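# Analysis of the macromolecular model
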Amino acid sequence: MQKARERSSGDRLGQDDAEVRAAIRFAVLAAGAGVGFVIMAALWVSTCGARAGLDTVACGPPERILLALGGPLILLAGGIWAFIRTYQVWRARGTWWGWHGAGWFLLTLMVVAVSMGVAPIAGPALAAGWF
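Parameters at a glance
- Residues numbered from 1 in each chain as written.
- Predicted model: local features only at pLDDT ≥ 70, side-chain atom pairs only at ≥ 80, totals over all residues.
- Heavy atoms only, no water.
- Helix = DSSP H or I, 4+ residues; strand = E, 2+ residues; numbered from the N terminus.
- Buried < 20%, exposed > 50% of the residue type's maximum accessible area, 1.4 Å probe, protein only.
- Contact = heavy atoms within 4.5 Å.
- Areas by Shrake-Rupley, 256 points an atom, 1.4 Å probe, with all protein chains shown as cover.
- Salt bridge = Lys/Arg side-chain N within 4 Å of Asp/Glu carboxyl O.
- Core = buried A, V, L, I, M, F, W, Y, C linked by side-chain atoms within 4.5 Å.
- pLDDT = per-residue confidence, 0-100.
- Phe/Tyr/Trp six-rings, centres within 6.5 Å; stacked < 30°, edge-to-face > 60°.
- Expected span 1.5 Å × (residues − 1).
- Bend = angle between axes of the 7 residues up to and from the residue.
- UniProt positions renumbered as here; feature names shortened; annotations may be inferred.

## Description of the overall build of the chain
- Per the secondary structure count, the chain includes four helices and zero strands.
- The helix and strand sequence of the chain, counted from the amino end, reads α-α-α-α.
- Within the chain, the proportion of its 131 residues that are buried is 33%.
- Once local pairs closer than 6 in sequence are excluded, the contacts in the chain between residues at least 24 apart make up 71%.
- For the chain, the computed accessible surface area is about 8,500 Å², with 68% contributed by carbon and sulfur atoms.

## Concerning the pattern of salt bridges
- Following the criterion strictly, the structure yields one salt bridge and no others.
- Note that R85 and E19 form a salt bridge whose closest N and O atoms lie 3.3 Å from each other. On the criterion of sequence distance, the pair formed by R85 in helix α2 (residues 61–91) and E19 in helix α1 (residues 18–45) is long-range, its members being 66 residues apart.
- Here E19 falls in the partly exposed class, since its relative accessible area comes to 21%.

## Observations concerning the nonpolar core
- Among the nonpolar cores identified, the biggest contains 16 residues, and L67, A68, L75, L106 and I121 are the most heavily contacted of them.
- Contributing elements (two or more residues each) for this core: α1, α2 and α3 (97–122).
- Sort the elements by how many residues they give to this core and α3 lands first, with seven residues.
- Every residue in contact with I121, bar those within four places of it in the chain, is listed here: V38, A41, A42, V45, R64, L67 and A68.
- Ranked by size, the runner-up nonpolar core spans six residues in total, among them A23, A27, V89 and A102.

## Here we look at the confidence of the model for the chain
- Model confidence for the chain is summarised by a mean pLDDT of 83, while 75% of its residues fall at 70 or above.
- Looking across the chain, the model is least confident in helix α4 (residues 124–127), with a mean pLDDT of 64, and most confident in α1, with 94.

## Section: the packing of aromatic side chains
- One pass over the full model with this rule turns up three aromatic pairs.
- Between F83 and W104, the ring centres sit 5.3 Å apart and the planes meet at 75°, which makes this aromatic pair edge-to-face. Pair noted here: F83 is in helix α2 and W104 is in helix α3, with a separation of 21 residues, a long-range link.

## Section: α3
- Across its 26 residues, α3 extends 36 Å between first and last C-alpha, which sits within 8% of the 38 Å expected from 1.5 Å per residue.
- Of all the bends found along α3, the most pronounced is centred on V114 and spans about 30°.
- Looking one or two residues beyond α3, the residue adopting positive phi is G123, at roughly 40°.

## Some details on α2
- Taking 1.5 Å per residue as the helical rise, α2 with its 31 residues ought to reach 45 Å, and the 45 Å between its terminal C-alpha atoms agrees with that figure.
- At G70, α2 shows its largest kink, close to 35°, and the proline P72 lies no more than four residues downstream.
- Following α2 by one or two positions, R93 adopts a phi angle in the positive range, close to 60°.

## Topic: the UniProt feature "transmembrane region" (unreviewed entry) in the chain
- Using the residue numbers shown here, the UniProt feature "transmembrane region" (unreviewed entry) corresponds to residues 22–45, 65–84 and 96–122.
- As annotated, residues 65–84 has a helix share of 100% and a strand share of 0%, and its two end C-alpha atoms lie 28 Å apart.
- In the segment residues 96–122, helix accounts for 96% and strand for 0%; the C-alpha atoms at its two ends are 37 Å apart.

Dropping the structure here:
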């Protein structure tokens with residue numbers, strides 16, 4: 001039983017912690033990589049079509065599917081890694097909740113990237129039954 005004025009050995013909520021900073025840094029970098037890939041893929045695919053007059057490398061159905069799924073897969077891998085790190089830090093009795101939040105943030109961002117990015121990037125490949 002905890003006595004008055006005795007510190008709890010709990011999750012140290014509200015205290016400055018290196019694990020929380022590392023989780024935030026990881027989430028920002030993984031989100032930047034995933035969203036950056038989606039933006040790069042959208043710009044690359046925008047060169048396809050009759051208007052461009054060029055047949056670029058990314059205009060085939062398999063390439064468009066890979067470009068459409070690249071960003072969400074980066075975010076999924078980041079979210080899974082954050083949950084693995086959550087378990088590792090929890091087992092070491094560290095401040096785990098920062099990693100847990102980073103995992104959920106990345107998985108939520110993955111769902112947003114799939115719902116908003118796959119159809120416009122994959123476009124004709126989806127209609128042709130490639131996916």
